[in-house]
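These are the residues of each chain, in order.
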Amino acid sequence: MSRAFRDALGMFATGVTVVSAAGEDGEPFGLTVASFNSVSLDPPLVLFSIDRDALSLPALRRAPGYGISVLSATQVDVSKLFATTGAEKWAGMELEIGYGGAPLIPDAIAGFECRPYAVYDGGDHEIFVGEVVAYRSAPEAAPLVFFGGNYRSLAS
């Protein structure tokens with residue numbers, strides 16, 4: 001699709017998340033994802049989509065659980081780190097381990113622990129639906145927002 005289409009999609013402001021899981025070897029992996037959304041309250045379901053070219057896609061398909069960390073406005077560096085292929089993403093982080101061994105990012109404004117529910121074809125992406133088994137939030141913190149190809153902050 002054209003660059004103009006992608007630019008038009010960028011006019012929808014999103015929060016920024018890190019989706020994470022434990023690999024078959026027990027080692028954590030994760031990637032920055034802006035395509036996160038609620039699906040259902042009963043049962044509690046959320047979704048995120050992953051590019052079919054993502055190196056972690058095969059491991060994510062096999063993961064027994066996912067962690068979804070909603071980043072705060074102070075975590076631009078975390079977002080950039082987890083958007084980088086091959087980086088030492090977890091070095092120096094005190095991890096909270098959630099459902100299925102999935103790590104959660106410290107100091108995120110919300111965290112969701114999910115068990116796999118469904119995966120759907122989404123063209124050049126795969127759409128993962130997870131059933132939320134536990135969650136937490138810090139509503140007093142400001143979210144990290146992505147809009148028009150840049151990180152932004154919310155105006156009061």
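This one's a predicted model, so the numbers in the text were calculated from it and none came from an experiment.

Undergrad: Please provide a residue-by-residue account of the packing of aromatic side chains, values included.
TA: For the coordinates displayed, the defined rule picks out six aromatic pairs. With centroids separated by 5.9 Å and ring planes inclined at 90°, the aromatic side chains of Tyr66 and Phe128 adopt a geometry described as edge-to-face. Of this pair, Tyr66 sits in strand 6 (residues 66–70) while Phe128 sits in strand 10 (residues 125–137), and the two are 62 residues apart along the sequence. There is no split in this pair, since Tyr66 and Phe128 are both buried. Their ring planes at 75° and their centres at 4.8 Å tell us that Phe82 and Trp90 sit as a pair that is edge-to-face. Judged by its relative accessible area of 14%, Trp90 is buried. One aromatic cluster is present, formed by Phe48, Tyr66 and Phe128 through successive ring pairs.

Undergrad: Provide a residue-level description of unusual backbone geometry, including the pertinent values.
TA: Glycine aside, negative phi is the norm for most residues, and most peptide bonds take the trans geometry. Going from Asp42 to Pro43, the amide bond is cis rather than trans, its omega being 5°. Residue placement: Pro43 occurs in the loop between strand 4 (36–41) and strand 5 (44–51). Backbone geometry at Asp107 places phi at a positive 65°, although glycine is not the residue there. Here Asp107 is to be found in the loop between strand 8 (103–104) and strand 9 (110–122).

Undergrad: Go over the side chain of Ser79, please, and point to the residues and values.
TA: Its place among the elements puts Ser79 in helix 3 (residues 76–82). Judged by its relative accessible area of 1%, Ser79 falls in the buried class. With sequence-adjacent residues up to four places away left out, Ser79 is seen in contact with Val16, Thr32, Leu71, Leu144 and Tyr151.

Undergrad: Please give an account of the nonpolar core that cites residues and values.
TA: Within the largest apolar cluster, 21 residues are counted, with the highest numbers of intra-cluster contacts made by Phe48, Ile50 and Leu60. Of all the elements in the fold, those that place two or more residues in this core are strand 2 (17–22), strand 3 (28–33), strand 5, helix 2 (57–62), strand 6, strand 9 and strand 10. Counting eight residues, the second-largest nonpolar core is a separate cluster that includes Val16, Val78, Trp90 and Ile105.

Undergrad: For the layout of surface pockets, give the residues involved together with the corresponding values.
TA: Its volume calculated, the largest pocket comes out at about 1900 Å³. Forming the boundary of the largest pocket are 50 residues, of which Thr32, Val33, Ala34, Ser35 and His125 lie nearest the centre. Broken down by element, the lining of the largest pocket gets its largest block of residues, six residues, from strand 3. Tallied by class, residues from the lining of the largest pocket come to 24 nonpolar, 17 polar and nine charged.

Parameters at a glance
Residues numbered from 1 in each chain as written. Predicted model: local features only at pLDDT ≥ 70, side-chain atom pairs only at ≥ 80, totals over all residues. Heavy atoms only, no water. Phe/Tyr/Trp six-rings, centres within 6.5 Å; stacked < 30°, edge-to-face > 60°. Helix = DSSP H or I, 4+ residues; strand = E, 2+ residues; numbered from the N terminus. Buried < 20%, exposed > 50% of the residue type's maximum accessible area, 1.4 Å probe, protein only. Contact = heavy atoms within 4.5 Å. Core = buried A, V, L, I, M, F, W, Y, C linked by side-chain atoms within 4.5 Å. 1 Å grid on protein atoms, 1.4 Å probe; cavity = no way out; pocket = protein on both sides within 12 Å on 5 of 7 lines; lining within 4 Å. Points joined across faces, edges and corners; volume = space filled by probe spheres on them. Nonpolar A, V, L, I, M, F, W, Y, C, P; charged D, E, K, R; others polar.

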